[in-house]
Amino acid sequence: MPKIHPETKVLIIKRLKTRSTADVADTFNVSQRQVQRIKKTFEDTGDVFDKPRSGRPRKTTAREDRLLARKSKASPFSTAAELHETWSPEVPVSTRTAHSLLKGWMLEKWKKVDFSDESSVEYHSRRKYCWRPTGARMDPRLTQKTLKFGGGKIMVWGYIQYGGVREICRVEGNINSLKYQEILATSYIPNHKRGQILQQDGAPSHTSISTSKFLKAKKIKMLQDWPAQSPDMNIIEHMWGRMKEEAWKTKPKNIDELWEACKTAFFAIPDDFINKLYESLPKCTDAVLQAHGSHSRYEIWISQHHY
């Protein structure tokens, strides 16, 4: 069973707040058992790191390991000696430091950032009753096919930009690096403007070496040091919430109708709604920084008033 990176575990815990174990497992391409184990570890210890094991004492802390991992991802062809020269374990990068890099960003800077993310949308079929004569329970004329487990779901990916520019696409299956690159090639790059910066979370398919090379080849500038271990500041999450609320109101009869409802709802959201989300970012970032990376009152207010 492949080992899951600590930053991925943090993202899993964050997604579990609003999504089911099965959805999270599909999103990160891991087993439900692994997700449950990560959840239990977090509930028992308040952290996502595994308990220390017997053996040779560690020379570095878990935080320093994560810093080294980021260095190696940024320079995949560097030797161990070269990484050692550029790595300073005495000065690890913290969540607060990452937030500090964004401190002072005013609206004009945030306007250049395109926020992106995936989201799972569940469909629950409504129970229907049928009056049947005795002994006619299995009569095909008096039965209807249903989805396994009484429902289903679709996975969508999208991005938003200040001014109302947006795109959404339906994703089939798990999102690995190759599929993520195909999504960007068809749904993002054709509309990408020079000077715009793409924000994405730390999902494995987003940060893999092949995806990094792909983005570099396409000259897509990334928002660096986006804090993974922090309150969810990705404003597209508010778009997903409003989209799902409006889509479910149409009472779709199957997942294809659910997709059409989601697409319609996503593009029907007013441009002004997106602009206000961007306008909230300067104060929101400062509030989170003052809260030392924890949830702030300002962030909670945003969640309650942007729907």
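To keep things clear, this report deals only with the structure shown in the data block.

Reading the values: the criteria
Starting afresh in each chain, residues are numbered from 1 along the sequence in its written order. Selection of residues for local features in this predicted model requires a pLDDT of at least 70, selection of side-chain atom pairs for listing and counting requires 80 or more, and totals for whole chains, interfaces and linings are taken over all residues. No hydrogens and no water enter the side-chain calculation; it runs on all heavy atoms of the structure. Geometry is summarised by axes, namely lines fitted to C-alpha atoms with helices restricted to the contacting stretch, and by angles between N-to-C directions that run from 0 to 180 degrees. Helix and strand definitions follow DSSP, with helices as H or I runs of at least four residues and strands as E runs of at least two, each counted in order from the N terminus. Orientation is classified from the angle alone, with under 35 degrees giving roughly parallel, over 145 giving roughly antiparallel, 65 to 115 giving roughly perpendicular, and any other angle giving oblique. By the definition used in this description, the sense in which the near helix is turned from the far one sets the handedness, with an anticlockwise turn below a right angle giving left-handed and a clockwise turn giving right-handed. Contact criterion: two residues are considered in contact whenever any of their non-hydrogen atoms come within 4.5 Å of each other. Each residue gets one of three labels, nonpolar for Ala, Val, Leu, Ile, Met, Phe, Trp, Tyr, Cys and Pro, charged for Asp, Glu, Lys and Arg, and polar for the others, Gly among them. Throughout, nonpolar core names a set of buried Ala, Val, Leu, Ile, Met, Phe, Trp, Tyr and Cys residues whose side chains join them through atoms within 4.5 Å. Buried, partly exposed and exposed residues are distinguished by accessible area as a fraction of the type maximum, computed with a 1.4 Å probe on protein chains only: under 20%, between the cut-offs, and over 50%, respectively. Between the rings of Phe, Tyr and Trp (Trp by its six-membered ring), a pair exists once the centres lie within 6.5 Å; its type follows the angle of the planes, with under 30 degrees stacked, over 60 edge-to-face, and the other angles tilted. Pairs of N or O atoms are called polar contacts if they sit within 3.5 Å, as long as, within protein, a hydrogen donor faces a hydrogen acceptor (for residues adjacent in sequence, only side-chain-to-side-chain pairs).

Our next topic: the packing of helix H2 (residues 21-28) against helix H3 (residues 32-45). Taken N-terminus to C-terminus, the directions of H2 and H3 make an angle of 110 degrees; their axes are 8 Å apart at the nearest point. Here H3 runs roughly perpendicular to H2, going by the angle between their axes. Like other packed secondary-structure pairs, H2 and H3 cross with a definite hand, here right-handed. Facing Thr21, Ala22, Val24 and Ala25 of H2, the residues of H3 in contact are Gln32, Val35 and Gln36. Here the contact of H2 with H3 is composed, by residue class, of 4 nonpolar, 3 polar and no charged.

Moving on, we come to the nonpolar core. Phe115, Val156, Ile160, Met239, Met243 and Tyr278 are the most contacted members of the largest nonpolar core, which has 30 residues in total. Looking at this core, the elements with two or more residues in it are strand E1 (113-124), strand E2 (151-160), helix H11 (236-249), helix H12 (255-268) and helix H13 (271-290). If one sorts the elements of this core by residue count, H12 sits on top with 6 residues. When near neighbours in sequence (up to four residues on either side) are disregarded, Ile160 contacts Val113, Asp114, Phe115, Val165, Arg166, Ile235, Ile236, Met239, Phe266, Ile274 and Tyr278.

This paragraph deals with unusual backbone geometry. You will see that Asn29, though not glycine, has its phi angle at about 55 degrees, which is positive. With respect to the helices and strands, the residue Asn29 is situated in the loop between H2 and H3. Unusually for a residue other than glycine, Lys251 sits at a positive phi of about 50 degrees.

Glancing now at helix H1 (residues 6-15). Within H1, 8 of the 10 residues are buried, which leaves the element mostly enclosed by the surrounding structure. Among all positions in H1, only Thr8, Lys9, Val10, Leu11, Ile12, Ile13, Lys14 and Arg15 are buried.

Here the focus is the packing of aromatic side chains. The geometry of an aromatic ring pair is captured by the separation of the ring centres together with the interplanar angle, meaning the angle of the planes. What the rule picks out here adds up to 8 aromatic pairs. Measuring from ring centre to ring centre gives 5.6 Å for Phe115 and Tyr278, while their planes differ by 75 degrees; the resulting arrangement is edge-to-face. Highlighted residues: Phe115 in strand E1 and Tyr278 in helix H13, separated in sequence by 163 residues. A single burial state applies to Phe115 and to Tyr278, both of which are buried. Taking 5.7 Å as the distance between ring centres and 85 degrees as the angle between the ring planes, the aromatic pair formed by Tyr162 and Tyr278 counts as edge-to-face. A residue pair is termed long-range when its members are at least 10 positions apart, and Tyr162 in the loop between E2 and strand E3 (166-171) and Tyr278 in helix H13 qualify at 116 residues. Assessed through its relative accessible area of 23%, Tyr162 is described here as partly exposed. Here a set of aromatic residues connected by ring pairs shows up, and it is made of Trp105, Trp110, Phe115, Tyr162 and Tyr278.

Here we come to the side chain of Thr211. Here Thr211 is to be found in helix H10 (residues 209-217). Of the polar contacts made by the side chain of Thr211, one reaches the side chain of Gln181; its length is 3.1 Å.

A word on the packing of H11 against H12. In the contact formed by H11 and H12, the axes pass within 8 Å of each other and the chain directions differ by 125 degrees. With respect to each other, H11 and H12 are oriented oblique. Between H11 and H12 lies a crossing whose hand is right-handed. When H11 is examined against H12, the residues Met239, Trp240, Met243, Glu246, Ala247 and Trp248 are found in contact with a partner set consisting of Leu258, Ala261, Cys262, Ala265 and Phe266. Residues belonging to the contact of H11 with H12 are distributed by class as follows: 10 nonpolar, no polar and 1 charged.

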